[in-house]
Amino acid sequence: MKSPAAIFVVDDSAELGEMLDVFLTKEGYPTRVFNDPLEALSALESAETQPRLLISDFRMPGINGLELIHRCKLIHPTLKVIAASANVLDEEIEKYPFRPDRVLPKPYTTNALLALVKSLLSQ
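Residues numbered from 1 in each chain as written. Predicted model: local features only at pLDDT ≥ 70, side-chain atom pairs only at ≥ 80, totals over all residues. Heavy atoms only, no water.

Caption draft 1: Looking closely at the pattern of salt bridges. A full pass over the atoms with the stated rule returns four salt bridges. Ionic pairing is found between aspartate 57 and lysine 106, a salt bridge with its closest N-O pair at 3.0 Å. Of this pair, aspartate 57 sits in strand E3 (residues 53-57) while lysine 106 sits in the loop between strand E5 (102-105) and helix H5 (110-121), and the two are 49 residues apart along the sequence. Linking arginine 71 and glutamate 67 is a salt bridge whose minimum nitrogen-to-oxygen distance equals 3.0 Å. Separated by four residues within a single helix, arginine 71 and glutamate 67 lie in helix H3 (residues 65-75), roughly one turn from each other. The exposure class assigned to arginine 71 is partly exposed, which follows from its relative accessible area of 29%. Given a relative accessible area of 21%, glutamate 67 falls into the partly exposed group. Taken together, the shared-partner salt bridges connect Asp11, Asp57 and Lys106 into one network. (Salt bridge = Lys/Arg side-chain N within 4 Å of Asp/Glu carboxyl O. Helix = DSSP H or I, 4+ residues; strand = E, 2+ residues; numbered from the N terminus. Buried < 20%, exposed > 50% of the residue type's maximum accessible area, 1.4 Å probe, protein only.)

In structure tokens, the structure reads:
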């Protein structure tokens, strides 16, 4: 049996990141949480274990979620991506060549998140 897919979670809310870490780990997914998108990018570049999924907040200080997704996809083209946001606009998404595989509107339930995680990782 192959090992479960690693998931990177990027959210500037430490509390939300921690909650997702606990939840996803309990569901059997090795998870790494980052509160700074640039740290996540650096970890992706040097990670021995490449994540199969990135769950990123959209609005963050520094670089936004779409910029992070763009840079991550350049490093790791097969990475699956969920963008979580209270207000992501299609016009903003269309400015970037790489788009999230799914957009998860905030607030969301852990069940909604888990359903997306399972559907993306089973592809």
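After presenting the structure, the write-up continues.
Caption draft 2: Main features of the sheet that holds E3. The sheet built from five strands is open, its strands ordered E2-E1-E3-E4-E5 with parallel pairing. What marks the edges here is a single partner per strand, and that holds for strand E2 (31-34) and E5. With strand direction ignored, the average angle separating the axes of adjacent strands in the sheet is 20°. Note that strand E1 (residues 7-10) and E3 share four bridges and pair parallel. Note that in E3 the partner of valine 9 across the bridge is isoleucine 55. Contacts from helix H1 (residues 14-26) reach E1, E2 and E3 within the one sheet, and its direction differs from that of E2 by about 175°. (Pairing = 2+ DSSP bridges. Axes fitted to C-alpha atoms, helices over the stretch in contact; angles between N-to-C directions. Contact = heavy atoms within 4.5 Å.)

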